[in-house]
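Coordinate analysis (summary)
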Amino acid sequence: MPGELPDLKMLALFGCGAVLLRGAGCTVNDLLDRDIDNKVERTKSRPFASGALTPSQGVCFLGAQLLLGLGILLQLNNYSRVLGASSLLLVFSYPLMKRFTFWPQAYLGLTFNWGALLGWAAIKESLDPAVIVPLYTAGICWTLVYDTIYAHQDKEDDLKVGVKSTALRFGESTKQWISAFGAASIGSLALSGYNAELAWAYFPFLTAAAAQLAWQISTVDLSDRADCNRKFVSNKWFGALVFSGILCGRLAS
Ligand SMILES: CC(C)=CCC/C(C)=C/COP(=O)(O)OP(=O)(O)O
Ligand SMILES: O=C(O)c1ccc(O)cc1
Ligand SMILES: [Mg+2]
């Protein structure tokens, strides 16, 4: 509702759900990647890659994560329960994509941003295409930016172990590609906010978020692993700016 704070119970449920599902995604990913991760310096000390945990212990842990996730999903409306459960198809198939396509980052985008659809559905019991299509698109384009930067950390190792990524696909043209995806993300966020009738206060935050994105893309040294990681992590600020913009755009409307 315009001029109101978001439902705090929903915010808490989605906060916990995001942490749980991201965790479950990491468990699946690290289980399926254990024979790749043990050949790569950055990942070889992970629990399954190093043998500290057995795959069956991993499956039990995954079961616990998914059960807790189910506890959250059951508190939402029926429409959202189906939508939320269907995200598991993406979560379970994501780790396989890096074996087949140079665009696993796009698939991670489809997976990671499912929550945007779910959030809308949980409140409205429907999906309004004018808002959620550009919102989901914006999330996918944003993921393509930060996960391509992330993948540049591993490009030499990935070549050795036969893993594909947009970092390898884009190569020397990475900055042009991610600039285009960054611009598409900002444009789509503007359209989504406009269609959701957010107040003017949303747009200064979106402008600041665009500046943050432009800063990371223009300053990242793609041949420096530490800098790639730093710029990847800096996306928490991009997320915080967009979130604050939505909040203020709603309060001021
Ligand atoms: C909800 C989901 C799908 C969560 C998974 C997130 C994740 C770990 C992505 C990176 O995979 P990666 O194999 O490219 O990265 P790394 O090399 O760090 O394992
Ligand atoms: O949650 C992670 O570990 C993660 C998320 C996004 C990425 O692009 C890479 C890793
Ligand atoms: Mg991996």
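Residues numbered from 1 in each chain as written. Chains lettered and ligands numbered in written order. Predicted model: local features only at pLDDT ≥ 70, side-chain atom pairs only at ≥ 80, totals over all residues. Heavy atoms only, no water.

- As annotated in an unreviewed UniProt entry, the protein chain is 4-hydroxybenzoate polyprenyltransferase, mitochondrial from Brachypodium distachyon.
- Looking at the Function (unreviewed entry) heading of the UniProt record, one finds this comment for the protein chain: "Catalyzes the prenylation of para-hydroxybenzoate (PHB) with an all-trans polyprenyl group. Mediates the second step in the final reaction sequence of coenzyme Q (CoQ) biosynthesis, which is the condensation of the polyisoprenoid side chain with PHB, generating the first membrane-bound Q intermediate."
- Per UniProt, the comment on the protein chain under Pathway (unreviewed entry) is "Cofactor biosynthesis; ubiquinone biosynthesis." (UniProt positions renumbered as here; feature names shortened; annotations may be inferred.)

1. Description of the nonpolar core
- Within the largest apolar cluster, 35 residues are counted, with the highest numbers of intra-cluster contacts made by Val 145, Leu 189, Leu 213 and Phe 238.
- Elements that contribute at least two residues to this core include exactly α5 (78-97), α7 (114-124), α8 (129-151), α11 (174-195), α12 (202-219) and α14 (235-251).
- Element by element, the count of residues in this core is highest for α8, at eleven residues.
- Sequence-distant contacts of Leu 213, defined by excluding residues within four places in its chain, comprise Trp 142, Val 145, Gly 182, Ile 186, Asn 235 and Phe 238.
- Grouped together as the second largest cluster of nonpolar side chains are seven residues, Met 10, Leu 20, Leu 73 and Leu 76 included. (Core = buried A, V, L, I, M, F, W, Y, C linked by side-chain atoms within 4.5 Å. Buried < 20%, exposed > 50% of the residue type's maximum accessible area, 1.4 Å probe, protein only. Helix = DSSP H or I, 4+ residues; strand = E, 2+ residues; numbered from the N terminus. Contact = heavy atoms within 4.5 Å.)

2. So, the packing of α5 against α7
- Put simply, α5 and α7 touch, their axes get as near as 9 Å, and they point 170° apart. Comparing the axis directions of α5 and α7 gives the class roughly antiparallel. Note on element contacts: α7 touches α5 through Trp 114, Leu 117, Leu 118, Ala 121 and Ala 122, opposite Tyr 79, Ser 80, Leu 83, Gly 84, Ser 86, Ser 87 and Leu 90.
- The residue inventory of the contact of α5 with α7, partitioned by class, reads eight nonpolar, four polar and no charged. (Axes fitted to C-alpha atoms, helices over the stretch in contact; angles between N-to-C directions. Parallel < 35°, antiparallel > 145°, perpendicular 65-115°, else oblique. Nonpolar A, V, L, I, M, F, W, Y, C, P; charged D, E, K, R; others polar.)

3. Some points on the site of ligand 1
- Taken together, 15 residues surround ligand 1, and among them Arg 42, Arg 46, Tyr 94, Lys 98 and Tyr 150 come closest.
- Between Arg 46 and ligand 1, the recorded distance is 2.7 Å, taken from a side-chain N or O atom to an oxygen atom.
- Contact between ligand 1 and Tyr 94: an oxygen atom at 2.9 Å from a side-chain N or O atom of the residue.
- Notes on ligand 1: free accessible area 510 Å², of which the protein chains cover 88%.
- For the shell around ligand 1, the secondary structure elements donating two or more residues are α1 (8-32) and α6 (104-112). (Near = heavy atom within 4 Å. Polar contact = N/O pair within 3.5 Å; in protein donor to acceptor, adjacent residues only side chain to side chain. Areas by Shrake-Rupley, 256 points an atom, 1.4 Å probe, with all protein chains shown as cover.)

4. Points about a nonpolar patch on the surface
- Residues Leu 8, Leu 11 and Phe 243 make up a contiguous nonpolar surface patch of roughly 290 Å² in combined accessible area.
- For Phe 243, the location among the structural elements is in helix α14.
- The class of Phe 243 is partly exposed, set by a relative accessible area of 43%. (Patch = residues over 30% accessible without salt bridge, like charges linked within 9 Å, V, L, I, M, F, W, Y side chains within 5 Å. Salt bridge = Lys/Arg side-chain N within 4 Å of Asp/Glu carboxyl O.)

5. Considering the packing of aromatic side chains
- Within this structure, the stated rule accounts for twelve aromatic pairs.
- Ring centres of Trp 142 and Phe 238 lie 4.8 Å apart, and the angle between their planes is 40°; on these two criteria the pair is classed as tilted. In this pair, Trp 142 sits in helix α8 while Phe 238 sits in helix α14, placing the two residues 96 residues apart along the sequence.
- When the ring of Phe 170 is compared with that of Phe 181, the centres are 6.4 Å apart and the planes differ by 25°; the resulting orientation is stacked. Here Phe 181 lies in helix α11 and Phe 170 lies in helix α10 (residues 166-170), a separation of eleven residues in the sequence.
- The exposure class of Phe 170 is buried, given its relative accessible area of 4%.
- Members of the aromatic cluster, joined through ring pairs, are Trp 142, Tyr 146, Tyr 150, Phe 232 and Phe 238.
- In this structure, Lys 164 packs its charged tip against the face of Phe 102, placed 5.7 Å from the ring centre.
- Above the plane of the ring of Trp 215 lies Lys 231, whose end atom (NZ or CZ) is 5.0 Å from the centre. (Phe/Tyr/Trp six-rings, centres within 6.5 Å; stacked < 30°, edge-to-face > 60°. Lys NZ or Arg CZ within 6 Å of the ring centre and 35° of its normal.)

6. Description of the site of ligand 2
- Around ligand 2, the neighbouring residues are Arg 22, Leu 108, Phe 112, Tyr 146, Asp 147, Tyr 150 and Phe 232.
- Between ligand 2 and the protein, one listed contact pairs an oxygen atom with a side-chain N or O atom of Arg 22 at 2.6 Å.
- Asp 147 places a polar side-chain atom, nitrogen or oxygen, 2.4 Å from an oxygen atom of ligand 2.
- Relative to its unbound accessible area of 280 Å², ligand 2 is 81% covered by the protein chains.
- Counting only elements with at least two residues in the shell around ligand 2, the list comes to α6 and α8.
- With three residues, the top contributor of residues to the shell around ligand 2 is α8.
- In the shell around ligand 2, the residues fall into five nonpolar, no polar and two charged.

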